[in-house]
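A look at the structure
Each chain, letter by letter, is given below.
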Amino acid sequence: MLKILSLSCSVFNSMAWRGLVYAVCILNFLLVCQLLLLQPLVSSLDGKRGNDAELFERVSQSIKVKRYSEALNDLNAAIGADPALSEAYYRSASVLRQLCRYEESEKSYKRFLELKPGNSVAVKELSQLQQAQSALETAFSLFDTGDYTKALEYVDKVVLVFSPACSKAKLLKVKLLLAAKDYSSAISETGYILKEDENNLEALLLRGCAYYHLADHDVVQRHYQKGLRLDPEHSELKKAEDNVNKGKLRLAVEDYKGALALDPNHLAHNVHLHLGLCKVLVKLGRGKDALSNCSAALNIDEELLDALVQRGEAKLLTEDWEGAVEDLKSAAPKSPQDMNIREALMRAEKALKMSKRKDWYKILGVSRTASVAEIKRAYKKLALQWHADKNVNNREEAEAKFREIAAAYEVLGDEEKRSRYDGGGDIEDMGMGDGGFNPFGGGGGQHFTFTFDGGFHGGFPGGGGGGGYGFNF
């Protein structure tokens, strides 16, 4: 009996231990499962926090070195990945405010406040944004009305305080300084702009303008030439460079005049001064002044070829076509290989030829830029005005006028002939002699008739021969 009880206890103890082991194993299994399932989630949260911190650190560094585009690209990418990332909206709004991209900035601030209602810092900055936006608009209005001092106050004390990276405000400030004739400050301000963006064309133009007013023409030209390398078709830079060159020439004129005044009797020296002054004046388009100086040089040395050529150019400027041809024809044989002289002579001969032909535009009373429709209307009006039935008492004058009007329309009403005429083509090559186009045909008296849309019909009778020409409108 005792053996049986002892065996039963042993079996019971064995089963108890086995159950305990099973319980421990199950508990360990559950713990391991929990660790395996929760670890990725914890790691993900830690990684997200780490990634966000890294992102905002990178954005801060970009802003510090004024790489605003890079900062905005990073922030936009972060918002795209997590539209609820409030910090990204706030930082984006701040960058956009500094750049005075006010509408975009306002949207970002409002989105941030939706995610973080009542945030006092964002509310304050949104108010500053609205002040800066209003101040910038006011500054531009004051600039337009000429109140430069007040406009400068708005830019300096409001706009650039809340939007220190605002390029529009910085450039406006430079324009205001130029308008106030504070050229040194304008140079300093554009220097800061170009340090951030060396290819800013407007800053190059304004900086060059400041140097121009300080008469530092070499520096001016370097600025404008750099701008034109970046944009060869920039109209304002091209115009500005032309003004610089003219400014240099105007200074040269004064230098030459001053040198000539020192010793008017020093002919050996003054001949070169007169020639130099003549060349400068020709470049400036001051033909009359250039003419007198070229003639003065030739009076000292009549064999001075350069002075003869420049006098021909000066005569072209004063529209003395025959005189220009005469001077340039005299100069050409003295230097037969000089293509510049030959080209100038061709220009003078063409100008002389064009001066002797009739001005068809003037005859029809239209501008040189008149359209085909305008030319046709002018012709129709004049043809009615000089019709035979309306000019019974001055028939011969009316016929002569009508011939001239018809000749003008023959050229200007034809696109090809008009193009050749504008280019200085020969009148004879267009089927016209010295007397102008003959609308009545060749030999013999012809009858010319014309009909207008309104049904008006008429003509000039000739004597004798038959035939007739009709014009319809």
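It should be noted that the structure appears before, not after, this text.
Quick summary incoming for the structure in this document. As the structure is a prediction and not an experimental result, all values here were calculated from the model.

Under the definition given, this model contains 22 salt bridges. Where E189 meets K173, a salt bridge forms, and the shortest distance between an N and an O atom there is 3.3 Å. Here E189 is found in helix α8 (residues 183-196), whereas its partner K173 is found in helix α7 (residues 167-179), with 16 residues between them in sequence. Via salt bridges that share partners, E54, R58 and D74 belong to a single interconnected network.

What follows concerns the side chain of K315. Its location among the elements puts K315 in helix α14 (residues 305-317). At 3.0 Å, the side chain of K315 forms a polar contact with the side chain of D327. If sequence neighbours within four positions are ignored, K315 has contacts with L291, D320, G323, A324 and D327.

At a minimum axis distance of 9 Å, the contact between helix α2 (residues 68-81) and helix α3 (residues 86-98) shows a crossing angle of 150°. Here α3 runs roughly antiparallel to α2, going by the angle between their axes. α3 is crossed by α2, and the crossing has left-handed handedness. Taken together, the residues of α3 that come into contact with α2 (itself represented by Y68, L72, L75, N76 and I79) are A88, Y89, R91, S92, V95, L96 and Q98. Residues that form the contact of α2 with α3 fall into these classes: eight nonpolar, three polar and one charged.

Given a rise of 1.5 Å per residue, 14 residues ought to cover 20 Å, and the 20 Å separating the end C-alpha atoms of helix α13 (residues 287-300) matches this to within 8%. For α13, the complete set of buried residues consists of G287, A290, N293, C294, A296, A297 and L298.

Let us look at the environment of R347. Structurally, R347 can be placed in helix α16 (residues 339-356). Remark: the alpha-carbon pair of R347 and V325, spanning 22 residues in sequence, is separated by 8.9 Å. Setting aside residues no more than four positions away along its own chain, R347 makes contact with E313 and L316.

One finds Y102, Y109, L136, V155 and A169 to be the most contacted residues of the largest nonpolar core, which totals 34 residues. Where this core is concerned, the elements lending two or more residues are α1 (2-64), α2, α3, α4 (102-115), α5 (120-145), α6 (148-162) and α7. The element that contributes the greatest number of residues to this core is α5, accounting for eight residues. Beyond its immediate stretch of four places on either side in the chain, Y109 contacts Y90, A93, S94, R97, A122, E125, L126 and L129. By size, the runner-up hydrophobic cluster in this structure holds 21 residues, among which are L382, W386, A408 and Y409.

For the structure on display, the rule yields two disulfides. Between the sulfur of C100 and that of C166 lies a disulfide, 2.1 Å long from S to S. The chirality of the disulfide connecting C100 with C166 is right-handed, given an S-S dihedral of about 70°. Highlighted residues: C100 in the loop between α3 and α4 and C166 in the loop between α6 and α7, separated in sequence by 66 residues. Taking the relative accessible area as the measure of exposure, C100 reaches 7% and is therefore buried. The exposure class of C166 is buried, given its relative accessible area of 0%. The disulfide that involves C278 links it to C294, with 1.7 Å between the sulfurs. Across the S-S bond of C278 and C294 the torsion is about -45°, and the bridge reads as left-handed. Pair noted here: C278 is in helix α12 (residues 267-283) and C294 is in helix α13, with a separation of 16 residues, a long-range link. Assessed through its relative accessible area of 0%, C278 is described here as buried.

Parameters and conventions
Residues numbered from 1 in each chain as written. Predicted model: local features only at pLDDT ≥ 70, side-chain atom pairs only at ≥ 80, totals over all residues. Heavy atoms only, no water. Salt bridge = Lys/Arg side-chain N within 4 Å of Asp/Glu carboxyl O. Helix = DSSP H or I, 4+ residues; strand = E, 2+ residues; numbered from the N terminus. Polar contact = N/O pair within 3.5 Å; in protein donor to acceptor, adjacent residues only side chain to side chain. Contact = heavy atoms within 4.5 Å. Axes fitted to C-alpha atoms, helices over the stretch in contact; angles between N-to-C directions. Parallel < 35°, antiparallel > 145°, perpendicular 65-115°, else oblique. Left-handed = near helix turned anticlockwise from the far one by under 90°. Nonpolar A, V, L, I, M, F, W, Y, C, P; charged D, E, K, R; others polar. Expected span 1.5 Å × (residues − 1). Buried < 20%, exposed > 50% of the residue type's maximum accessible area, 1.4 Å probe, protein only. Core = buried A, V, L, I, M, F, W, Y, C linked by side-chain atoms within 4.5 Å. Disulfide = S-S within 2.5 Å.

No statement about biological role is implied by the geometric values presented.
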